[in-house]
Amino acid sequence: MSAPSESTLPATMKALLVRSPGSPLALATLPVPLPTPGSCIVKILAVQADAQTPLIVSGLPGYSFPPNFIPGAHAIGRVVASGPDATVLQPGKLVMLEGFIRARDDPDDVQILWGITAGLTPESLGFMEGNWAKGCMAEYVRAPMENCYVLDEGRLCGELGYTYEDLLQLPMQLVAMGGLRAIGVKPGERVIVAPATGAFSGAAVQVAVALGAEVVAVGRNREGLEKVAGAFPKGRVKAVAVTGDVEKDTVGMKQWGKVDAYIDLSPPAASESTHLRSCFAALRKYGRACMMTIIGKDVALPYPLLTWNSLTVKGQFMYEREDARLLIKMAETGVLRLGKEAGIEVVGRFKFEQADEAFAVATKNPEMGKLVAFVP
Ligand SMILES: NC(=O)c1ccc[n+]([C@@H]2O[C@H](COP(=O)([O-])OP(=O)(O)OC[C@H]3O[C@@H](n4cnc5c(N)ncnc54)[C@H](OP(=O)(O)O)[C@@H]3O)[C@@H](O)[C@H]2O)c1
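- By the naming in an unreviewed UniProt entry, the chain is Alcohol dehydrogenase, taken from Staphylotrichum tortipilum.

Here it is in structure tokens:
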């Protein structure tokens, strides 16, 4: 693989740009960024066309971003130039880009989701505006080195035969990895994943299985759950379609034995769903639950059960760097599967000029493992 250098970078690039919050996402020609200390320039090979992007750009409540914003967080690319302090991130390396950027001098309090939202504080909005307003829906991106992870291209794309687009599942799985590791899921444990048919929750089923757990996949749609379960060796994923009868559903979740842990990745629309109560009730004494929904209101939890069963409840936003390193190793060893054999399907590949079509296809394919990619 030839390794382009800074001196061979083109002067301009195509990107999808929002001039100001609320204005449309439009194709633009912009200067190619140059590396700075702590960053590298990555040529984008595949970036996820997330169905949420047009909603965020049009002003979805709870999301914020500065003027001249380029969306896009989950991407696979090749390093083409790097800052003077780069060691392994040298030109030619294939990398996974993920979007959880934390300020180097205030990582606990200033956090943004690159290419998605600056969060809710003036500090984080200023941090995005001054540094990371340009995400991955571009031919080239300047990326913080901390958010670039070198991938073993020979192993993943050679021996295992994955395409760059298949690798876009990794940043989705990373969110689930953060939650499952936050509650210490171990091989042999039984874990409820609820729901289990969405893009992130489906990824949680894949990661939980790869971590060695048996999964109880909970949701409303039996057919969708059976499809998720069918992508794994027999018995590793059990499907439980909830009925709304809390006691009956609890019994259904416990039918294979004690449940050690529960990860919840419900969309906000499911905040009143009875599955929450059933999942807590299905946990064994000293069981652990990880709550990951990003929601703008309080949700009731079954307090007596938490007390009597000594349950641990952990909220979790995103993940840690160690989670990313381990997840990539799991994919490289083949423990964590990607691509068609894992039920992951690339349902569309588009140029930035076809943005409307790309987002329409993404909106029609919200399920687990249906990936739509821009391949610039
Ligand atoms: N904490 C973090 O760092 C983090 C990061 C990313 C995402 N998230 C959260 O993860 C959530 C899930 O993402 P996703 O893409 O997997 O979700 P999604 O595709 O929007 O929905 C997943 C599933 O939820 C079920 N569902 C939908 N509406 C429901 C309702 N009214 N009642 C009960 N179930 C309902 C459906 O499953 P069935 O039809 O099978 O029931 C659907 O397939 C996001 O909404 C976000 O809040 C958190």
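### Structural notes on the site of the ligand
No. 1: In the neighbourhood of the ligand, 23 residues make up the surrounding shell, with Thr-197, Arg-220, Met-292, Ile-294 and Met-318 lying closest.
No. 2: Within the backbone of Ser-201, a nitrogen or oxygen atom sits 3.1 Å from an oxygen atom of the ligand.
No. 3: One nitrogen or oxygen atom from the main chain of Ile-294 is found 2.8 Å from an oxygen atom belonging to the ligand.
No. 4: For the shell around the ligand, the element with the most residues is helix 5 (residues 199–210), which contributes 3 residues.
No. 5: Split into classes, the residues belonging to the shell around the ligand amount to 13 nonpolar, 9 polar and 1 charged.

### Here's the deal with the UniProt feature "domain: Alcohol dehydrogenase-like C-terminal" (unreviewed entry) in the chain
No. 1: Those places that UniProt annotates as "domain: Alcohol dehydrogenase-like C-terminal" (unreviewed entry) correspond, in this numbering, to residues 203–331.
No. 2: Each end of residues 203–331 is marked by a C-alpha atom, and these two atoms are 13 Å apart; helix forms 40% of the span and strand 23%.

### What to know about the pattern of salt bridges
No. 1: Tallying each qualifying case throughout the model produces 15 salt bridges.
No. 2: Across the salt bridge formed by Arg-102 and Glu-320, the nearest N and O atoms sit 3.2 Å from each other. On the criterion of sequence distance, the pair formed by Arg-102 in strand 6 (residues 100–102) and Glu-320 in the loop between strand 15 (312–315) and helix 10 (321–333) is long-range, its members being 218 residues apart.
No. 3: What makes Arg-102 partly exposed here is its relative accessible area of 22%.
No. 4: A salt bridge links Arg-222 to Glu-226, with the shortest nitrogen-to-oxygen separation between them at 3.2 Å. With Arg-222 and Glu-226 both in helix 6 (residues 222–230) and 4 residues apart, this pair spans about one turn of that helix.
No. 5: The class for Arg-222 is partly exposed, based on a relative accessible area of 44%.

### As for the domain arrangement of the chain
No. 1: Along its sequence, the chain is carved into domain 1 (6–150 + 344–374) and domain 2 (172–315).
No. 2: Just the C-alpha atoms count here: the centres of domain 1 and domain 2 sit 30 Å apart.
No. 3: Listed by partner, the interface residues are 9 residues for domain 1 and 11 residues for domain 2.
No. 4: Ranking the residues of domain 1 by area buried against domain 2 places His-74, Ile-344 and Met-368 at the top, with a combined share of 58%.
No. 5: Put simply, domain 1 and domain 2 have 0 salt bridges between them.
No. 6: The interface formed by domain 1 and domain 2 contains 1 residue pair in polar contact (both at pLDDT 80 or more).

### Overview of the packing of helix 4 (residues 169–182) against helix 5
No. 1: At a minimum axis distance of 8 Å, the contact between helix 4 and helix 5 shows a crossing angle of 70°. For the element pair helix 4 / helix 5, the angle class is roughly perpendicular. In contact with Gln-169, Met-172, Gln-173, Val-175, Ala-176, Met-177 and Leu-180 of helix 4, helix 5 contributes Ala-199, Phe-200, Ala-203, Ala-204, Gln-206, Val-207 and Ala-208.
No. 2: Partitioning the contact of helix 4 with helix 5 into residue classes produces 11 nonpolar, 3 polar and no charged.

### As for the sheet that holds strand 15
No. 1: If you trace the 6 strands from one edge of the open sheet to the other, you get 12-11-10-13-14-15, paired in parallel fashion. Of all the strands in the sheet, the pair left with one neighbour each is strand 12 (237–241) and strand 15. Going across the sheet, the axis of each strand differs from the next one's by a mean of 20°, ignoring polarity.
No. 2: Along the sheet face, helix 6 touches strand 11 (214–219) and strand 12 and points at about 175° away from the line of strand 12.
No. 3: The sheet strands contacting helix 7 (residues 246–254) are strand 10 (190–194), strand 11, strand 12 and strand 13 (259–264), and the helix crosses strand 12 at an angle near 170°.

What counts, and at which threshold
Residues numbered from 1 in each chain as written. Predicted model: local features only at pLDDT ≥ 70, side-chain atom pairs only at ≥ 80, totals over all residues. Heavy atoms only, no water. Near = heavy atom within 4 Å. Polar contact = N/O pair within 3.5 Å; in protein donor to acceptor, adjacent residues only side chain to side chain. Helix = DSSP H or I, 4+ residues; strand = E, 2+ residues; numbered from the N terminus. Nonpolar A, V, L, I, M, F, W, Y, C, P; charged D, E, K, R; others polar. UniProt positions renumbered as here; feature names shortened; annotations may be inferred. Salt bridge = Lys/Arg side-chain N within 4 Å of Asp/Glu carboxyl O. Buried < 20%, exposed > 50% of the residue type's maximum accessible area, 1.4 Å probe, protein only. Domains from an automatic or database assignment. Contact = heavy atoms within 4.5 Å. Buried area = accessible area lost by both parts, 1.4 Å probe. Axes fitted to C-alpha atoms, helices over the stretch in contact; angles between N-to-C directions. Parallel < 35°, antiparallel > 145°, perpendicular 65-115°, else oblique. Pairing = 2+ DSSP bridges.

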